[in-house]
Amino acid sequence: DAMVIQNPRYQVTQFGKPVTLSCSQTLNHNVMYWYQQKSSQAPKLLFHYYDKDFNNEADTPDNFQSRRPNTSFCFLDIRSPGLGDAAMYLCATSRGGLGGEQYFGPGTRLTVT
Amino acid sequence: AQSVTQLDSQVPVFEEAPVELRCNYSSSVSVYLFWYVQYPNQGLQLLLKYLSGSTLVKGINGFEAEFNKSQTSFHLRKPSVHISDTAEYFCAVSSAAAGNKLTFGGGTRVLVKP
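All residue numbers here refer to positions counted from 1 along the written sequence of the relevant chain. A letter from A marks each chain and a number from 1 marks each ligand, given out in the order of writing. Restriction of local features to residues with pLDDT of at least 70 applies here, the model being predicted, together with a cutoff of 80 or more for giving and counting side-chain atom pairs; totals for whole chains, interfaces and linings are based on all residues. Note that the side-chain values use all heavy atoms of the structure and ignore hydrogens as well as water.

1. A short note on the overall build of chain A
We count a stretch as a helix when DSSP gives it H or I for four or more residues in a row; a strand needs E for two or more, and each element gets its number in order from the N terminus. Along its length, chain A carries zero helices and eleven strands. For chain A, the sequential pattern of α-helices and β-strands runs β-β-β-β-β-β-β-β-β-β-β. Throughout, radius of gyration means the C-alpha value; the globule benchmark is 2.2 Å times the number of residues raised to the power 0.38. Relative to the compact-globule value of 13 Å for 113 residues, chain A shows a C-alpha radius of gyration of 13 Å, a close match. Principal axes of the C-alpha set define a box for chain A whose edges measure 40 × 30 × 30 Å. Here's how the labels work: a residue is buried when its accessible area is under 20% of the maximum for its type, exposed when over 50%, partly exposed in between, all with a 1.4 Å probe on protein chains only. Buried residues in chain A amount to 50% of all 113 residues. The contact definition used throughout considers only heavy atoms, calling two residues in contact when any of these lie within 4.5 Å. A sequence separation of at least 24 residues applies to 55% of the contacts in chain A between residues at least 6 apart. A 1.4 Å probe and the Shrake-Rupley method give the accessible areas. Residues count as covered only by the protein chains that appear here. Accessible surface, chain A: about 5500 Å² in total, of which carbon and sulfur atoms supply 49%.

Here you go:
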């Protein structure tokens with residue numbers, strides 16, 4: 001089945017230790033998104049790629065970066081995680097175009113100790 | 001700018017009873033509307049969407065929603081809920097003016113009681 005895969009599902013990192021979360025898709029979608037979701041809150045968009053074009057949200061901290069080496073893969077790098085970065089990180093994809101729905105992965109729950 | 005308000009943060013409901021989750025949006029342009037469901041420790045799954053045409057939209061798992069342009073609402077309904085419908089529900093809006101990005105409401109937690 002076509003899907004969005006996130007690895008790992010659970011990640012524990014230490015305060016200040018860089019961490020990378022990965023997302024892959026078999027849907028061949030143009031657009032890939034990274035969201036941060038804290039407990040009992042709505043997902044918050046961090047950035048997205050339309051093909052190779054990177055689009056950063058204005059309020060995304062510089063501590064968060066992303067790479068998309070090819071259509072299928074996208075990575076979220078957190079350079080120096082703080083306690084406030086503990087959250088669920090969701091990857092999503094869409095075809096692009098008006099009204100396109102987003103397909104979400106299962107998420108990676110990040111714990112910062 | 002577009003925004004979404006989900007009027008109820010929590011909705012307790014008994015099994016086999018009907019449920020309605022309220023969603024109001026604000027936008028100065030034409031919008032596309034979505035309802036997503038999120039089960040614990042999982043990603044979001046699309047329940048249904050409104051792009052154009054008939055204002056009554058049917059989705060998966062017996063859910064439906066009605067687009068009301070004059071009231072800028074997109075309320076979600078299910079005539080008879082199951083225990084398995086216990087989850088968080090998010091209403092979302094997108095538009096060409098917002099670069100097709102989703103803006104989510106704050107979510108409604110549905111707790112189905114036996």
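There's more to say after this.
2. Remarks on the overall build of chain B
Along chain B, the regular secondary structure elements total zero helices and twelve strands. Starting at the N terminus and ending at the C terminus, chain B contains elements arranged as β-β-β-β-β-β-β-β-β-β-β-β. Relative to a compact globule of 114 residues, whose C-alpha radius of gyration would be 13 Å, chain B shows 14 Å and is just as compact. Counting only C-alpha atoms, chain B reaches 45 × 30 × 20 Å along its principal axes. Put simply, chain B has 114 residues, and 46% of those count as buried. In chain B, the share of contacts with a sequence separation of at least 24, taken over all contacts with a separation of at least 6, comes to 56%. Taken as a whole, chain B presents about 5400 Å² of accessible surface, with 51% of it coming from carbon and sulfur.

3. Notes on the state of the cysteines
Cysteine sulfur pairs qualify as disulfides if the two atoms are within 2.5 Å. According to the stated counting rule, one finds two disulfides over all chains in the structure shown. The disulfide partner of Cys23(A) is Cys91(A), and the S-S distance across this bridge is 2.0 Å. Between Cys23(A) and Cys91(A), the disulfide has an S-S torsion of -70° and is therefore left-handed. Of this pair, Cys23(A) sits in strand β3 (residues 19–25) while Cys91(A) is found in strand β9 (residues 87–94), placing the two residues 68 residues apart along the sequence. Of the two residues, Cys23(A) and Cys91(A), neither departs from the other in class, the shared state being buried. At a sulfur-sulfur separation of 2.0 Å, the disulfide partner of Cys23(B) is Cys91(B). Judged by the sign of its S-S torsion, about -65°, the cystine formed by Cys23(B) and Cys91(B) is left-handed.

4. A word on the sheet that holds strand β1 (residues 4–7) of chain A
Residue and element names in this part refer to chain A. In space, the four strands of this open sheet follow the order β1-β3-β8-β7, with antiparallel pairing throughout. Edge strands, defined here as strands with exactly one partner in the open sheet, are β1 and β7 (64–67). Each strand axis lies, on average, 20° off the axis of its neighbour in the sheet, ignoring direction. Two strands form a pair only when DSSP identifies at least two bridges running between them. Across six bridges, the pairing between β3 and strand β8 (residues 73–78) is antiparallel. Bridging from a neighbouring strand, Val19 pairs with Ile78 of β8. Whenever a helix is involved, its axis is fitted only over the stretch in contact; in every case the axis is a line through C-alpha atoms, and angles between N-to-C directions fall within 0 to 180 degrees.

5. Quick notes on the nonpolar core
We define the nonpolar core as a collection of buried residues of types Ala, Val, Leu, Ile, Met, Phe, Trp, Tyr and Cys that are connected through side-chain atoms lying within 4.5 Å of one another. Membership of the largest hydrophobic core comes to 27 residues, with the highest contact counts inside it found for Trp35(B), Leu48(B), Leu76(B) and Tyr89(B). Looking at this core, the element that brings in the most residues is strand β10 (residues 87–94) of chain B, giving four residues.

6. As for the packing of aromatic side chains
Two rings belonging to Phe, Tyr or Trp (six-membered ring only in the last case) form a pair when the distance between their centres is within 6.5 Å. Interplanar angles under 30 degrees mark stacking, angles over 60 mark edge-to-face geometry, and anything in between is tilted. Following the criterion strictly, the structure yields 15 aromatic pairs over all chains and no others. An angle of 45° between the planes, with centres 5.5 Å apart, marks the rings of Phe63(B) and Tyr89(B) as tilted. Of the two residues, Phe63(B) sits in the loop between β7 (56–58) and β8 (64–68) while Tyr89(B) sits in strand β10, which places them 26 residues apart along the sequence. The class of Phe63(B) is buried, set by a relative accessible area of 4%. Judged by relative accessible area, Tyr89(B) falls into the buried class, the value being 1%. Ring geometry for Phe90(B) against Phe104(B): centres 6.1 Å apart, planes inclined by 80°, an arrangement best described as edge-to-face. With Phe90(B) in strand β10 and Phe104(B) in strand β11 (residues 103–104), this pair connects stretches of sequence that are 14 residues apart. Residue Phe90(B) shares its accessibility class with Phe104(B), and that shared class is buried. A network of ring pairs unites the aromatic residues Tyr33(A), Tyr35(A), Phe104(A), Phe34(B), Tyr36(B), Phe90(B) and Phe104(B) as a single cluster. In this scheme, the term charge over a ring applies when either NZ of a lysine or CZ of an arginine sits within 6 Å of the ring centre and within 35 degrees of the ring normal. If you follow Lys113(B) out to its NZ or CZ, it ends over the ring of Phe14(B), 6.0 Å from the centre.

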